[in-house]
Amino acid sequence: MTVMERKRLLEASARFALSALLHDLGKFAERAGMEAANLDGHKAVYCPLSPKKTYSHVHAAYTAMAVDVIERSIPDIRKGEMTPFSSWGDLERKDDSLINAAAMHHKPETKLQKIIAQADRLASGFERSEADLYQHAQEEREESPGKRVDHYTARLWPLLETITPTGNFRQPRHRYPLKAMAPETLFPVPVTEHPNKDHSRKEYESLWQDFIAGLEKIPSSHRHSLPLWLDHFDSLWLTFTYAIPSATATRTADGTFLSIPADVSLHDHSKAVAALAVALWRHEGDGKEFLLIQGDFFGIQEFIFHPDEASEHAAKRLRGRSFMVALLTELAAMKVLEAFDLPATSQITNAAGKFLIVAPRIENGQERLQEVQKELDRWFLQHTFGNSGIGLAATEAECADFGKGNSFKNLMDRLHRDLDRCKRQRFDLCNASEDPVFAATYDHGACTIDGRMPAVREAGKTVCPLCRDQEKMGSLLVKKNRLLITRLERGPLSDDTLALDYLGYRVTFTGSEEISGRFGNLVREETLLRAWDFSLPENGAAPLWNGYARRAINGFVSRDEKDQIVEFSDLATKGKGVAALGIVKGDVDNLGEFFRNGLQHPTFARMASLSRQLNSFFALCLPWRCRDKFPNTYTIFAGGDDFFLLGPWKEQLDLLADMRQEFARYVRNEGIHFSAGFVMTKPGIPVPSLAELSEHALGQAKKRQEEGKTVKNAVTCWQRTVSWDDFEGLRGIEKELTALVQWLEETHKFTVGTAYLYGLLHLCAMANGKKPEDALWRSWFVYRTWRMLVDRIPGLDEAQRKELYQRKFAAPIGERIAHHKENFKIALFAHLYQQREKSQ
């Protein structure tokens, strides 16, 4: 195919994806009370007749009318090149328009309409027989006995609340608020009572008006590039439909309820339909229709942490590298999409260095993918010597694989196996045709930053090009909030363009729209491929929508008054007590089991929804929480199911406790939890060592046992592993201990010596010991407490001393040592390090 033919194919695919993405737009519009002129006429055209001779699925009629409403704000969908749809004036195919393809999905007549209808079924996991029932279902359901809700009053269930490792369904007691996506609206709320219809209509109406206004924020010049505009629209669609349930029809004509829980959002369902529909339309040959392509960034730690890293400006480079992992994963996914001439909507997931793309199975699909893999390999071998890379795994699938039950589970198992096999064949270096020895010259020696890559000399520095870009990226991330991805041939757009090519693309940072314009000239030149907004939320309740495609690839970093990233040495001095850093690493426990077995009825859309919901906590809510409550925290990475944070040691302890509570409030499922490791260090320790220490601490937390079984759900601090409940209890003891010391000073003018407190550390170890002499710890505690504290407090008689000992020491300290044993050290260390001077 020529370049022009492939360009047309991409535009046609984007057009078809848009039609599929809009197929349920009418659900949104109808519930919002959109004015419906000639509703009966539209029903007659777009809605199926039920056995009772009434029209069902009225939302289909609204889809047609709603597309008319938004038409003035979207690329032209009637005139000019409309492939694969008919254009205005095409009398022979006048019924095969984009609007009809979107709206006829419950009453398909043409091939294109039938493809979208089929994709609709596959995304939902319907067999054909179930789909026939669904065609005649009424849009109402009974959530609990006597509590009937309809499509106006139903609210989206949190999938995370319903899953278990064994697939047993948990009845959800929470719903997502019907609001635009924002860090604070992502948390489900308890169901107290079902909203009435009038209130629901007002909520939908407000959301709809904001959605329509949001459309106008997409730069009008970007309508000239449908693939670029569609990427923006997908983010808009996510922002305003993530909390709208896609399915509420559960009662069939004979009164039987179908099991279609309202747990998949309109966005996740629509996007799955769009990806599947494009693949169905584009596949070639008989047999399997799909090629599911997974990408996995391996060697993330090796990419972010360099063993011989220079400490100067390490914070800035670390920020740049962490961001670059997410950026390279996005660009690798773009590379795959481009190889198959697919729009951004065919990329279903992208989180924590992994992505999934739905591609059509075409005759030379595997060859195209191998070419992409070679290009990725070449880039990573050249710039990382193969320490990191992105592997691609392809799995063929057919429509039957997307049905409910074992067929879809088997498909998921194949995806996992194929990705695992891909990880074991990195770079394919066993291929005899490739020279396993890299050609590299060190004319200027090794890079002075990472100590291993060939350096170039520039502005008095000898660094490798990748480290130079990472340092530049670290600086730009705190000043800019958008990225432009352009074709390599275009050359640098400004001084804020990175020097290297990134997988064949040019990357430029740019500021706000008012400063940088809307990039219309780049669109007209056909060189602007993507424009991504990676800004952090300014407001916890404000919609995450700024007119451009959003990518949650930016973490939070602490900035100084000059808007520069705070260096680690300065971060360590912020907060009370000794100047030290706290490093926190954690991830969700047993996540693989939840994804493999957790859903009672797994479907493609449901799996995509689950992945997005989990990623949103770490990629959106956590950075916002840091910005709002823990401003000295540095997010090294957070996304998917894991996180790696750094900051003043006391703030990190507080953040850990807060995260545990927020995560529980987010998932609403006591079976889903995470473990974490915390270590405390001086700021001068090399960054890779911080990673190793925290990784070891996390490993210890994952080994926590109860009654001989590994249960995880723990945190390791100062080499002590405790449950989260014990951790919170020990933090409470720490606060009480600090209050006691302060009370003795203020009330009795008595200072508790550090020798006494350090001595308690030894007693904690004895309380945990197995030697016969360890049983004497309690006697030692009584003796030392009386001798070093009680007897020395001035102005008390004997009775007052006894009362003080019982009330302030025996129970608050002695009995708690007996309960927590050596874990009591966590409370003691946290207290002691707050009392020490920063210089110590």
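No experiment lies behind these values; they were computed from the predicted model shown. (Residues numbered from 1 in each chain as written. Predicted model: local features only at pLDDT ≥ 70, side-chain atom pairs only at ≥ 80, totals over all residues. Heavy atoms only, no water.)

**Some points on the overall build of the protein**
Alright, step 1. Assigned secondary structure in the protein consists of 28 helices and 22 strands.
Alright, step 2. Its C-alpha atoms give the protein a radius of gyration of 30 Å, within 12% of the compact-globule value 28 Å for 840 residues.
Alright, step 3. By residue count, 59% of the 840 residues in the protein fall in the buried class.
Alright, step 4. Taking contacts inside the protein between residues at least 6 apart in sequence as the whole, the part at least 24 apart equals 72%.
Alright, step 5. Split by element, the accessible area of the protein, about 34,300 Å² in all, is 48% carbon and sulfur.
Alright, step 6. Positive and negative charge centroids in the protein, built from 110 and 113 side chains respectively, lie 3 Å apart. (Helix = DSSP H or I, 4+ residues; strand = E, 2+ residues; numbered from the N terminus. Rg over C-alpha atoms; globule rule 2.2 N^0.38 Å. Buried < 20%, exposed > 50% of the residue type's maximum accessible area, 1.4 Å probe, protein only. Contact = heavy atoms within 4.5 Å. Areas by Shrake-Rupley, 256 points an atom, 1.4 Å probe, with all protein chains shown as cover. Lys, Arg positive; Asp, Glu negative; His and termini not counted. Charge placed at Lys NZ, Arg CZ, Asp CG, Glu CD.)

**With respect to the pattern of salt bridges**
Alright, step 1. Evaluation of the coordinates by the stated rule reveals 51 salt bridges.
Alright, step 2. Residues arginine 487 and glutamate 338 are paired through a salt bridge, measuring 3.7 Å at the closest nitrogen-oxygen approach. With arginine 487 in strand β11 (residues 482–487) and glutamate 338 in helix α13 (residues 314–339), this pair connects stretches of sequence that are 149 residues apart.
Alright, step 3. Between aspartate 496 and lysine 480 there is a salt bridge; the shortest N-O distance is 3.3 Å. Placement of the pair is aspartate 496 in the loop between β11 and β12 (505–510) and lysine 480 in the loop between α16 (465–476) and β11, with a sequence separation of 16 residues.
Alright, step 4. Lysine 480 sits in the partly exposed class, given a relative accessible area of 24%.
Alright, step 5. Overlapping salt bridges bring together Asp231, Glu330, Arg530 and Arg551 as one network. (Salt bridge = Lys/Arg side-chain N within 4 Å of Asp/Glu carboxyl O.)

**Some points on the nonpolar core**
Alright, step 1. Residues Phe211 and Phe290 are the most contacted members of the largest nonpolar core, which totals 252 residues.
Alright, step 2. A per-element tally of this core places α13 first, with 15 residues.
Alright, step 3. Each residue touching phenylalanine 211, except ones within four places of it in the same chain, is listed here: Leu25, Phe28, Ile70, Phe233, Leu236, Trp237 and Phe240.
Alright, step 4. Counting residues in each nonpolar core, the second largest holds eight residues, with Phe519, Val523, Leu528 and Ala531 among its members. (Core = buried A, V, L, I, M, F, W, Y, C linked by side-chain atoms within 4.5 Å.)

**Focus: unusual backbone geometry**
Alright, step 1. Note that the residue after threonine 83, namely proline 84, is joined by a cis bond; omega there is 10 degrees.
Alright, step 2. By the secondary structure assignment, proline 84 is in the loop between α4 (59–70) and α5 (98–103).
Alright, step 3. The phi angle at asparagine 38 is positive, at roughly 55 degrees, despite the residue not being glycine.
Alright, step 4. The topology assignment puts asparagine 38 in the loop between α2 (25–31) and α3 (39–46).
Alright, step 5. Judged by its relative accessible area of 54%, asparagine 38 falls in the exposed class.
Alright, step 6. With phi around 55 degrees, asparagine 590 is a residue other than glycine that occupies positive phi space.

**What about the sheet that holds strand β15 (residues 581–588)?**
Alright, step 1. Taken in spatial order, the six strands of this open sheet run β16-β17-β15-β18-β21-β22, and their pairing is mixed. Each end of this open sheet is capped by a strand with a single partner; those strands are β16 (634–639) and β22 (720–723). Ignoring which end each strand starts from, the neighbouring axes of this sheet average 15 degrees apart.
Alright, step 2. Direction of pairing for β16 relative to strand β17 (residues 642–648): antiparallel, over a ladder of five bridges. Residue pairing in the sheet places threonine 635 in a bridge with leucine 645 of β17.
Alright, step 3. Here helix α21 (residues 604–629) sits on the sheet and contacts β15, β16 and β17; the angle it forms with β16, its principal contact strand, is near 160 degrees.
Alright, step 4. In the packing of helix α24 (residues 724–748) onto the sheet, contacts are made with β18 (674–681), β21 (714–717) and β22, and the angle to β22 comes to roughly 105 degrees. (Pairing = 2+ DSSP bridges. Axes fitted to C-alpha atoms, helices over the stretch in contact; angles between N-to-C directions.)

**Thoughts on the pairing of strand β6 (residues 347–351)**
Alright, step 1. Burial of β6 is extensive: four of the five residues sit out of reach of the surface.
Alright, step 2. With four bridges joining them, β6 and strand β7 (residues 354–360) adopt antiparallel strand pairing. Bridging across to β7, alanine 351 finds its partner in lysine 354.
Alright, step 3. Where β6 folds back on β7, the antiparallel hairpin that results is connected by two residues, among which alanine 352 adopts a positive phi of roughly 55 degrees.

**Focus: the packing of aromatic side chains**
Alright, step 1. A full pass over the atoms with the stated rule returns 45 aromatic pairs.
Alright, step 2. Centroid distance phenylalanine 298 to phenylalanine 427: 5.6 Å. Interplanar angle 85 degrees. Geometry classified as edge-to-face. Placement of phenylalanine 298 in strand β5 (residues 290–298) and of phenylalanine 427 in the loop between α15 (406–423) and β9 (456–458) is noted, with a sequence separation of 129 residues between them.
Alright, step 3. Using a relative accessible area of 6% as the deciding quantity, one classes phenylalanine 298 as buried.
Alright, step 4. On the numbers, 6.4 Å between centres and 45 degrees between planes, the contact of phenylalanine 402 with phenylalanine 408 is tilted. Phenylalanine 408 shares its class with phenylalanine 402; the two are buried.
Alright, step 5. These aromatic residues form a ring-pair network of at least three members: Phe187, Phe617, Phe618, Phe643, Phe663, Tyr666, Phe674, Trp724 and Phe727.
Alright, step 6. Sitting above the plane of the phenylalanine 644 ring, lysine 585 keeps its charged end 6.0 Å from the centroid. (Phe/Tyr/Trp six-rings, centres within 6.5 Å; stacked < 30°, edge-to-face > 60°. Lys NZ or Arg CZ within 6 Å of the ring centre and 35° of its normal.)

As far as function goes, none of this settles anything; it's purely spatial.
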